[in-house]
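Chain by chain, the residues run as shown.
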Amino acid sequence: MTKPPTFVELPQAPRCASPVPELTSLHCARRRGPYGNSRYRGNCGGYLIRDLLRYYQPQSVLDPMRGSGTCQDVCRELKVPCHSFDLRSGQDAADPASYAGLAPVDFVWMHPPYWRMIRYNDDPRCLSAAPTLDAFLDRMQQVLRNCKTVLSPRGKIAVLLGGFSDRGRYQPLPQLLLARAIDEGLWPACTEIIRFQYGNTSSQKEYRSSFIPGLHDTCLVLERRSGR
């Protein structure tokens, strides 16, 4: 028997001068919106991206992991110039050469693979194919370093990432990446944003083992650390 949905009342947010008052540390959008290709495995909806762009109001956006094209579609709707590329088109986000000639950008959006949760291909440059957790984090740190080279002084880098259990051990990818970001002279620009996950493939499965299911991923918004 299918259980009826459980509705949870969210805490009331304080009133402030935010241009997007509905954007808080909890992001709950049941629909993905008319953005990107919904058939692309591992894609995310566009409403969080849209809310972040409306809040920070960048003049230019970079998406070095284009995937299904969600960020590009959001930018098109908001009429914000967006430069995007992807490993599938021959440009590796971890390769500094991929950023050559780029003008400074005000906002970088990234939704990388969650290490080997989904293995997209056997290309050794693909983050999902990284042989170890440290190798994944090393490549992600290089991506952050590359993005920082084209970030305007007021620029922000947003990374959507989730943790997961791998071979019996939980891998807290957002927290581990934040430590690497701090090493690169980046610092949280705001609270982490917990994005509720709807429609996950795993949510439709039944498991024999006992565990606490994860129903969210985490968006980190980073900026240059003062003085660096």
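Residues numbered from 1 in each chain as written. Predicted model: local features only at pLDDT ≥ 70, side-chain atom pairs only at ≥ 80, totals over all residues. Heavy atoms only, no water.

Colleague: Teacher, can you tell me more about helix α3 (residues 133-149) here?
Modeller: Between the first and last C-alpha of α3 there are 25 Å, a value that for 17 residues agrees with the 24 Å anticipated at 1.5 Å per step. Taken as a whole, α3 has its buried residues at Leu133, Ala135, Phe136, Leu137, Met140, Gln141, Val143, Leu144, Asn146, Cys147 and Lys148. The secondary structure elements touched by the buried residues of α3 are β4 (105-110), β5 (151-161), β7 (169-171), α4 (173-183), β8 (186-188) and β10 (216-224). (Helix = DSSP H or I, 4+ residues; strand = E, 2+ residues; numbered from the N terminus. Expected span 1.5 Å × (residues − 1). Buried < 20%, exposed > 50% of the residue type's maximum accessible area, 1.4 Å probe, protein only. Contact = heavy atoms within 4.5 Å.)

Colleague: What's the story with helix α2 (residues 70-78) in this structure? I'm lost.
Modeller: Quick reminder: α-helices carry 3.6 residues per turn. Residues three or four places apart thus point the same way. Residues of α2 that are buried include every one of Thr70, Cys71, Val74 and Cys75, and no others. Each buried residue of α2 lies within a common arc of 130° when the element is viewed along its axis, so the set occupies one face. Residues of α2 that are buried sit in contact with α1 (47-56), β2 (61-63), β3 (82-84) and β4. Within two residues after α2, Lys79 carries a phi angle of roughly 60°, on the positive side. (Arc of directions from axis to C-beta.)

Colleague: What am I meant to see in the nonpolar core here?
Modeller: The nonpolar side chains of a soluble globular protein tend to be buried with one another. Core analysis: the biggest nonpolar cluster contains 54 residues, and Leu52, Trp109, Met110, Phe136, Leu144, Ile157 and Cys219 have the highest contact counts within it. Ranked by residues supplied to this core, first place goes to α3 with eight residues. Non-local contacts of Met110, meaning those with residues more than four positions away in its chain, are made with Pro64, Met65, Val143, Leu144, Cys147, Ile157, Ala158, Val159 and Leu160. (Core = buried A, V, L, I, M, F, W, Y, C linked by side-chain atoms within 4.5 Å.)

Colleague: Would you explain the pattern of salt bridges in this entry?
Modeller: As a working rule, side chains carrying opposite charge can pair if their charged atoms are close by. Evaluated as defined, the whole model comprises eleven salt bridges. We note a salt bridge from Arg54 to Glu22, for which the minimum N-O separation is 3.2 Å. In this pair, Arg54 sits in helix α1 while Glu22 sits in the segment before β1 (26-27), placing the two residues 32 residues apart along the sequence. Between Asp92 and Arg139 there is a salt bridge, with its nearest N and O atoms 2.8 Å apart. With Asp92 in the loop between β3 and β4 and Arg139 in helix α3, the pair connects residues that are 47 residues apart, well separated along the chain. Since its relative accessible area comes to 11%, Asp92 is described here as buried. (Salt bridge = Lys/Arg side-chain N within 4 Å of Asp/Glu carboxyl O.)

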